[in-house]
Amino acid sequence: MENLNRKKVAILATNGFEESELREPMNALKDANADVHIVSEKQGQIKSWANNNWSNEYTVDKTISEASQENYDALVLPGGVMNPDTLRQNEEGIRFVKSFFTNKKPVGAICHAPQILAEADVIRGRKITSYNSIKRDLVNAGAKWEDSEVVVDEGLVTSRNPNDLPAFNKKLVEEIYEGKHEMQTA
């Protein structure tokens, strides 16, 4: 596995994120020696969703207003249904997401999280995958959707669901290790 020593990664999430889709990428990044921060709308704790119920709470490291892409090498967007639905309505959060694309930095999104990317208008013409139920939304936003375990398009890493996490995590670490992707566009 690549060593992400000195790389900083933001995970943007709010209440209702799919727990495994935050916890497992966070652990994979930490195992690769990355410094990982949970960024959210408010300070304190955010509550995860697992097995159709509320689950564990996670501590927020920075609020969206305190965070800047300038301080991070990459961004991860966990899914769940509630998490992306809430975040795509947050204009400051959408600007934060878009700034990673503008600055050609790797972004990972899993499950329903590509809805945030559609809202940020950064998937037009890009290869992408997601949870099947949002396929039409992403196609309508201009994405080239495919049913694959993991899809990588110039620094953008997407996967369908928690079953894909091993492949997602591996590609995410690889893309962050590679650094900026000149073809990453907003």
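Just so you know, these numbers come straight off a predicted model, no measurement behind them. (Residues numbered from 1 in each chain as written. Predicted model: local features only at pLDDT ≥ 70, side-chain atom pairs only at ≥ 80, totals over all residues. Heavy atoms only, no water.)

1. A look at the packing of aromatic side chains
Under the criterion given, the structure shown has 3 aromatic pairs. For the ring pair W49 and W54, a centre distance of 5.1 Å and an interplane angle of 90° mean the geometry is edge-to-face. Looking at W49, the relative accessible area reads 24%, which means it is partly exposed. Among the residues examined, W54 registers a relative accessible area of 44% and is labelled partly exposed. An angle of 85° between the planes, with centres 5.1 Å apart, marks the rings of F96 and F100 as edge-to-face. (Phe/Tyr/Trp six-rings, centres within 6.5 Å; stacked < 30°, edge-to-face > 60°. Buried < 20%, exposed > 50% of the residue type's maximum accessible area, 1.4 Å probe, protein only.)

2. Details of unusual backbone geometry
For N51, which is not glycine, the phi torsion reads 55° and is therefore positive. Mapping N51 onto the fold places it in the loop between β4 (45-50) and β5 (53-59). You can call N51 exposed: its relative accessible area is 71%. You will see that K104, though not glycine, has its phi angle at about 60°, which is positive. (Helix = DSSP H or I, 4+ residues; strand = E, 2+ residues; numbered from the N terminus.)

3. Digging into the environment of D85
As for its placement among the helices and strands, D85 is situated in helix α2 (residues 82-87). A polar side-chain atom of D85 sits 3.0 Å from a polar atom in the side chain of R88. (Polar contact = N/O pair within 3.5 Å; in protein donor to acceptor, adjacent residues only side chain to side chain.)

4. Some remarks on the environment of V81
Mapped onto the fold, V81 is located in the loop between β7 (74-77) and α2. Put simply, V81 and S68 are 13 residues apart on the chain and 25 Å apart in space, counted from C-alpha to C-alpha.

5. Points about the nonpolar core
In this structure, L12, L75, L77, F96, V97 and L117 are the most contacted members of the largest nonpolar core, which totals 29 residues. Broken down by element, the residue count for this core peaks at 5 residues, all from helix α3 (residues 91-102). Setting aside residues no more than four positions away along its own chain, L117 makes contact with L77, V97, F101, V107, A109, V122, I123, I128 and L156. By size, the runner-up hydrophobic cluster in this structure holds 25 residues, among which are A13, V36, I38 and L165. (Core = buried A, V, L, I, M, F, W, Y, C linked by side-chain atoms within 4.5 Å. Contact = heavy atoms within 4.5 Å.)

6. Some points on α3
With 12 residues, α3 should reach 16 Å at 1.5 Å per residue; the first-to-last C-alpha distance of 16 Å fits that figure. When we look at burial in α3, the residues that qualify are G93, I94, F96, V97, S99, F100 and F101. Immediately downstream of α3, the backbone of K104 shows phi near 60°, a positive value. (Expected span 1.5 Å × (residues − 1).)

7. Quick notes on the side chain of S130
Along the polypeptide, S130 turns up in the loop between β9 (127-128) and α5 (135-140). Of the polar contacts made by the side chain of S130, one reaches the side chain of W145; its length is 2.9 Å. Ignoring anything within four residues of it in the chain, the contact list for S130 reads C111, P114, K135, L138, W145, S159 and R160.

Geometry only, nothing functional implied.
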